[in-house]
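Residue-level listing of the chains:
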Amino acid sequence: MSEVSASYRDTAEQVAFNVANKVLPMAQLPESLAEAYQGLFNELLEDRAMAFGKAWDALPASARGLMEKAAFHGFYIANAWLQLSRVAQEIADQAETEEAVDENEYNGVFGRLAEQSLKESLRKLKKARTDRSMLNSFKQVMAP
């Protein structure tokens, strides 16, 4: 994705924070985790591989009409953050050394999880077209 506008970034950032904050108290994250979150946010917002942009464009118009692109981008980023946080904790709990943690990270675990998170987010948005409770859940979790 090319450069995003400040408004797009602000919307995505606010929605991502709101969604993630429903599960993890974002204001209380240790500095290292806050930095990791910001790094993930920036990477997924940049969308260098165009995974999000292509997926959004491929959605039916009825799904795209449910919410603005920036808001859905923020939802996807938060979903990825929550999944990655969970898996990172599992890896850390199972790993005996820092090298083992690094090895798991470099085996593409996090890249695959971001892709899986995008697919899951898209599936939920498509389902929200006909499932009012799903749409209401989106709105509720995205609200401050």
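Residues numbered from 1 in each chain as written. Predicted model: local features only at pLDDT ≥ 70, side-chain atom pairs only at ≥ 80, totals over all residues. Heavy atoms only, no water.

Asker: How would you sum up the nonpolar core? Please name residues and give values.
Answerer: By size, the foremost hydrophobic cluster in this structure holds 42 residues, and its most contacted members are Phe72, Tyr76, Trp81, Leu125, Phe138 and Met142. For this core, the secondary-structure elements that each account for two or more residues are α1 (6-21), α2 (31-46), α3 (51-58), α5 (69-94), α7 (109-128) and α8 (132-142). In terms of residue count, α5 provides more of this core than any other element does, 12 residues in total. (Core = buried A, V, L, I, M, F, W, Y, C linked by side-chain atoms within 4.5 Å. Buried < 20%, exposed > 50% of the residue type's maximum accessible area, 1.4 Å probe, protein only. Helix = DSSP H or I, 4+ residues; strand = E, 2+ residues; numbered from the N terminus.)

Asker: I'd like to hear about the packing of α7 against α8, residue by residue, with values.
Answerer: At a minimum axis separation of 7 Å, α7 and α8 run at an interaxial angle of 125°. Viewed along their axes, α7 and α8 adopt a mutual orientation that is oblique. Here Ser121, Lys124, Leu125, Lys127 and Ala128 of α7 come into contact with α8, specifically with Met134, Leu135 and Phe138. Among the residues making up the contact of α7 with α8, the classes are represented as five nonpolar, one polar and two charged. (Axes fitted to C-alpha atoms, helices over the stretch in contact; angles between N-to-C directions. Parallel < 35°, antiparallel > 145°, perpendicular 65-115°, else oblique. Contact = heavy atoms within 4.5 Å. Nonpolar A, V, L, I, M, F, W, Y, C, P; charged D, E, K, R; others polar.)

Asker: Explain the packing of aromatic side chains residue by residue, including any values.
Answerer: Think of a pair of aromatic rings as described by two things: how far the centres are apart, and how the planes are tilted against each other in angle. Tallying each qualifying case throughout the model produces nine aromatic pairs. Measuring from centroid to centroid gives 5.8 Å for Trp56 and Phe72, while their planes differ by 35°, and the two rings are tilted. Pair noted here: Trp56 is in helix α3 and Phe72 is in helix α5, with a separation of 16 residues, a long-range link. When sorted by exposure, Trp56 lands in the same class as Phe72, which is buried. An aromatic cluster is defined as three or more aromatic residues linked by ring pairs; in this entry it consists of Phe52, Trp56, Phe72, Phe75, Tyr76 and Phe138. (Phe/Tyr/Trp six-rings, centres within 6.5 Å; stacked < 30°, edge-to-face > 60°.)

Asker: Which residues make up the side chain of Asn18, and what values do they have?
Answerer: Relative to the elements of secondary structure, Asn18 occurs in helix α1. Among the polar contacts made by the side chain of Asn18, one reaches the side chain of Gln14 at a distance of 2.8 Å. Beyond its immediate stretch of four places on either side in the chain, Asn18 contacts Val141, Met142, Ala143 and Pro144. (Polar contact = N/O pair within 3.5 Å; in protein donor to acceptor, adjacent residues only side chain to side chain.)

Asker: How would you explain the environment of Val109 if you had to name every residue and give the values?
Answerer: Among the secondary structure elements, Val109 is positioned in helix α7. A residue is classified by how much of its surface remains accessible, and Val109, at 16% relative accessible area, is buried.

Asker: Give me the side chain of Gln83: which residues, what numbers.
Answerer: On the secondary structure map, Gln83 appears in helix α5. Owing to a relative accessible area of 9%, Gln83 belongs among the buried residues under this scheme. Ignoring sequence-local partners within four residues, the contact set of Gln83 consists of Leu113, Gln116, Ser117 and Glu120.

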